[in-house]
Amino acid sequence: MAIVEVHDLHKSFGPVEVLRGVDLTLDAGEVVCLIGASGSGKSTLLRCLNGLEVPTRGTVLVSGVNVTDPDCDIDAVRRRVGMVFQHFNLFPHLTVRRNVTIAQRRVLRRGAREADRVAEANLARVGLADKADSFPAQLSGGQQQRVAIARALAMQPQLMLFDEPTSALDPELVGEVLSVMRRLAAEGMTMLIVTHEMAFAREVASRVVFVDRGVVVESGAPGQVLGNPKQARTAEFLRRVL
Ligand code: ADP
Ligand code: MG
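From a predicted model like this one, the values you see are computed outputs, not experimental measurements. (Residues numbered from 1 in each chain as written. Chains lettered and ligands numbered in written order. Predicted model: local features only at pLDDT ≥ 70, side-chain atom pairs only at ≥ 80, totals over all residues. Heavy atoms only, no water.)

Side note on helix H3 (residues 96–106)
Then, in step 1: Within H3, the full set of buried residues consists of Val-96, Asn-99, Val-100, Thr-101, Ile-102 and Gln-104.
Then, in step 2: Packing partners of the buried residues in H3 comprise helix H4 (112–125) and helix H5 (141–153). (Buried < 20%, exposed > 50% of the residue type's maximum accessible area, 1.4 Å probe, protein only. Helix = DSSP H or I, 4+ residues; strand = E, 2+ residues; numbered from the N terminus. Contact = heavy atoms within 4.5 Å.)

Some remarks on the pattern of salt bridges
Then, in step 1: Throughout the structure, instances matching the rule amount to 12 salt bridges.
Then, in step 2: Residue Arg-117 is joined to Glu-114 by a salt bridge in which the shortest nitrogen-to-oxygen separation is 3.2 Å. Of this pair, Arg-117 and Glu-114 both sit in helix H4, three residues apart, which is roughly one turn of the helix.
Then, in step 3: Residue Glu-114 is classed as partly exposed on the basis of its relative accessible area, which comes to 34%.
Then, in step 4: In this structure, Arg-125 and Glu-187 form a salt bridge, with 2.9 Å as the shortest nitrogen-oxygen distance. Pair noted here: Arg-125 is in helix H4 and Glu-187 is in the loop between helix H6 (171–186) and strand S8 (191–194), with a separation of 62 residues, a long-range link.
Then, in step 5: A residue is classified by how much of its surface remains accessible, and Glu-187, at 45% relative accessible area, is partly exposed.
Then, in step 6: Look at the salt bridges and you will find they share partners, linking Arg-97, Glu-120 and Asp-133 into a network. (Salt bridge = Lys/Arg side-chain N within 4 Å of Asp/Glu carboxyl O.)

Focus on the side chain of Thr-166
Then, in step 1: With respect to the secondary-structure elements, Thr-166 resides in the loop between strand S7 (159–163) and H6.
Then, in step 2: Residues in contact with Thr-166, not counting those within four places in the same chain, are Val-174, Val-177, Leu-178 and Glu-197.

So, the UniProt feature "domain: ABC transporter" (unreviewed entry) in the chain
Then, in step 1: Those residues carrying the UniProt feature "domain: ABC transporter" (unreviewed entry) are residues 4–238 in this numbering.
Then, in step 2: Secondary structure across residues 4–238 comprises 38% helix and 26% strand; the distance between its end C-alpha atoms is 26 Å. (UniProt positions renumbered as here; feature names shortened; annotations may be inferred.)

Let's talk about the sheet that holds S8
Then, in step 1: Strand order in the open sheet made by the six strands is S6-S7-S8-S3-S9-S10, with mixed pairing throughout. Each edge of the open sheet carries a strand with a single partner, namely strand S6 (81–84) and strand S10 (215–220). Adjacent strand axes in the sheet meet at a mean angle of 20°, parallel and antiparallel pairs treated alike.
Then, in step 2: Where strand S9 (residues 207–212) and S10 come together, five bridges link them in antiparallel fashion. Within the sheet, the bridge partner assigned to Phe-210 lies in S10 and is Glu-218.
Then, in step 3: Strand contacts of helix H1 (residues 42–49): strand S3 (31–35), S6, S7 and S8, with the helix running at about 155° to S7, the strand carrying the most contacts. (Pairing = 2+ DSSP bridges. Axes fitted to C-alpha atoms, helices over the stretch in contact; angles between N-to-C directions.)

And the structure:
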């Protein structure tokens, strides 16, 4: 079953067409890594999936719900789609536990004990069961990003979007975040991940999608796209980054 279906997606900001006809499908349990140069439209594409951007043209279906329909209940879609950003955006004045319970309480209307229970389970899942009473500033960047992942998981999403989740981290902290993501992939979570971590993409992705100047140039098995690209533009990009 398709969790994400994107057809002929266009997005312009003023006169600039950033997405120029993107087609993309994710089946349940797929892990798709999106690669491409800075400015190619990767973040815009992710943001169109949960209604943070309104497309100029085309359709986006998430679990069969048409996100681009003006009558769509976008809040209902957002409850099913977790998003993890480069900058973790934790509330600095709240403990880790409260960071992970606040949306559960306010959006899902869970009771305090249930929200705490789910928070603890998901903090354990990212290896931070012992940090529930800490404040974000007391944690490393890698730990903060893992809290952000736990916060997204606590909403029990059907889909997780990651936008360069390790790009803001010191190199020695990248591995712990990738390990958590690797574990989620093994558990069958459907994930769309914008990343520059090519070794991770090669190992974990079921598919790698290369985006250039607002179009999908190439999509396929990680070994093929990264190791033996069919398109000259993909090869050229990989030469620059590898
Ligand atoms: P990527 O994530 O691949 O680096 P983005 O999707 O962030 O690319 O951006 C693609 C292009 O769209 C860039 O040129 C960026 O400046 C432009 N852009 C993104 N968001 C906006 C916005 N809100 N207003 C105007 N231009 C934008
Ligand atoms: Mg981006």
